[in-house]
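Examining the three-dimensional arrangement
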Amino acid sequence: MILALRALGVGDLATAVPALRALRTAHPDQELALAAPAWLAPLVGLVGGVDRLVPTDGLGRLDPTVRRPHIAVNLHGRGPESHRVLADTRPGRLLAFANPAAGHHDGPDWADDEHEVHRWCRLLRWYGTAADPADLGLRRPPTGDAPTGATVLHPGTKVMAKRWPAERFAALARELTRRGHRVVLTGSADERALAERVAYDAGLPGTAVLAGRTGLAGLAAVVAYARLVVCGDTGVAHLATGYGTASVVLFGPVPPARWGPPPDRPRHRVLWAGARDWPRWDGVGTHPTLAAVGVDEVVAAVDEAEQAVRVSGAVAA
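What this report covers is the structure whose coordinates are included nearby. Quick caveat: nothing in here was measured; it's all calculated off a predicted structure.

**Focus on the overall build of the protein chain**
For the protein chain, the count of helices and strands is 12 helices and 10 strands. Relative to its length of 317 residues, the protein chain is compact, with a C-alpha radius of gyration of 20 Å against a globular reference of 20 Å. Principal-axis analysis of the C-alpha atoms places the extent of the protein chain at approximately 60 × 45 × 40 Å. A fraction of 59% describes how many contacts in the protein chain between residues 6 or more apart in sequence connect residues 24 or more apart. For the protein chain, the exposed surface amounts to about 13900 Å²; the carbon and sulfur share of it is 51%.

**Remarks on the side chain of arginine 119**
Mapped onto the fold, arginine 119 is located in helix H5 (residues 116-126). Judged by its relative accessible area of 2%, arginine 119 is buried.

**Quick notes on the environment of leucine 271**
By secondary structure assignment, the location of leucine 271 is in strand S10 (residues 268-272). Judged by its relative accessible area of 13%, leucine 271 is buried. Counting along the chain gives 18 residues from leucine 271 to threonine 289, while the straight-line C-alpha distance between them is 9.8 Å. Look past the residues within four positions of leucine 271 in its chain and what remains in contact with it is Val248, Val249, Leu250, Phe251, Val293, Glu297, Val298 and Ala301.

**Looking at the pattern of salt bridges**
If you walk through the whole model with that rule in mind, you get 15 salt bridges. The residue arginine 122 makes a salt bridge to glutamate 114 at a minimum N-O spacing of 2.8 Å. With a closest N to O distance of 3.7 Å, arginine 197 and glutamate 167 form a salt bridge. Note that arginine 197 is positioned in helix H7 (residues 192-202) and glutamate 167 in helix H6 (residues 166-178), a separation of 30 residues in sequence. Since its relative accessible area comes to 44%, arginine 197 is described here as partly exposed. When salt bridges with common partners are traced through the structure, they connect Glu175, Arg178, Arg179 and Asp303 into a single cluster.

**A look at unusual backbone geometry**
Residues apart from glycine generally show negative phi values, whereas peptide bonds are mostly found in trans. With omega at 10°, the peptide bond leading from glycine 79 into proline 80 counts as cis. Relative to the assigned elements, proline 80 resides in the loop between strand S4 (71-74) and helix H4 (81-87). Residue glycine 252 is joined to proline 253 through a cis peptide bond whose omega torsion reads -5°. With respect to the helices and strands, the residue proline 253 is situated in the loop between strand S9 (247-251) and helix H10 (256-259). Phi is positive for arginine 68, which is not a glycine, with a value near 55°.

**Concerning the environment of serine 188**
Following the sequence through the fold, serine 188 ends up in the loop between strand S7 (183-185) and H7. Along the backbone, serine 188 and proline 42 are 146 residues apart, and their C-alpha atoms lie at a distance of 15 Å. If sequence neighbours within four positions are ignored, serine 188 has contacts with Ala211 and Gly212.

**Examining the sheet that holds S4**
The parallel open sheet is built from 5 strands, whose spatial order is S3-S2-S1-S4-S5. Two strands close off the open sheet at either side, each with one partner strand: strand S3 (52-55) and strand S5 (94-95). Where strand S2 (residues 32-36) meets S3, 4 bridges bridge the pair, whose relative direction is parallel. Pairing of alanine 36 across the sheet is with proline 55, part of S3. Packed on one face of the sheet, helix H2 (residues 17-26) meets strand S1 (2-5), S2 and S4 and runs near 155° to S2.

Rules used in this analysis
Residues numbered from 1 in each chain as written. Predicted model: local features only at pLDDT ≥ 70, side-chain atom pairs only at ≥ 80, totals over all residues. Heavy atoms only, no water. Helix = DSSP H or I, 4+ residues; strand = E, 2+ residues; numbered from the N terminus. Rg over C-alpha atoms; globule rule 2.2 N^0.38 Å. Contact = heavy atoms within 4.5 Å. Areas by Shrake-Rupley, 256 points an atom, 1.4 Å probe, with all protein chains shown as cover. Buried < 20%, exposed > 50% of the residue type's maximum accessible area, 1.4 Å probe, protein only. Salt bridge = Lys/Arg side-chain N within 4 Å of Asp/Glu carboxyl O. Pairing = 2+ DSSP bridges. Axes fitted to C-alpha atoms, helices over the stretch in contact; angles between N-to-C directions.

See below:
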């Protein structure tokens, strides 16, 4: 068995896809088990190549049946807690970043400013396993009840500092609707009230609010078959990258150099005002680097993303 640990969220799993694919290719005859939260199961099934999900809530002790894997791979962090979780399974070999505090002196050094995708590919390359950071594609789920060709606005994020103001999402929804887009609003059950507020202010019907009405598989389908996605630095952005769905991603305060889509894919546009000098932030509401992004800038980025789709379609034809 090859055991990989990635006990985090949607975006975290999506950025680990190239590393997981590399492990699958390097060990075709081994079972590939992924230790991750159980609620991610629908998305794990869309990665491809993962044979088994080992449910884990954070960095607690893993299922006692998971013992003595041939190789354990820490795709979770730098340790020491995550290193110890895997070391407790008594693997034949542990692939991880160096962390003397966890008794692991092997492995490359951690780099704080490294892009999350490249981080895990570099880890595997250090141990002799080739990994392609561009291998981000996800399997398309069945369409089901998901709308096709919709423009998805995802106004929520878990971190309030990363949340673009709701009134701007409403203004954006009004403008895109005027231009002929069919706008829908996604989010978790906890974000349904936010989505409803945006829909009301934008003059959209209640049926446009999908927040709280789709599970993870349904959300993946909505993004996979969408015309366009506009969202903050959250898991939905990574789903758009995985499906090649045109997207505009609003970043702040974390820079896109660490979590953004590949810069060589023009259908994925990034807006980031973090290079400017900002006054001290009081920690309340939207971070200044994101609050500086205006509706007109987002509309222009939408036009650029859609133009890139048209150009790539023309080239393919």
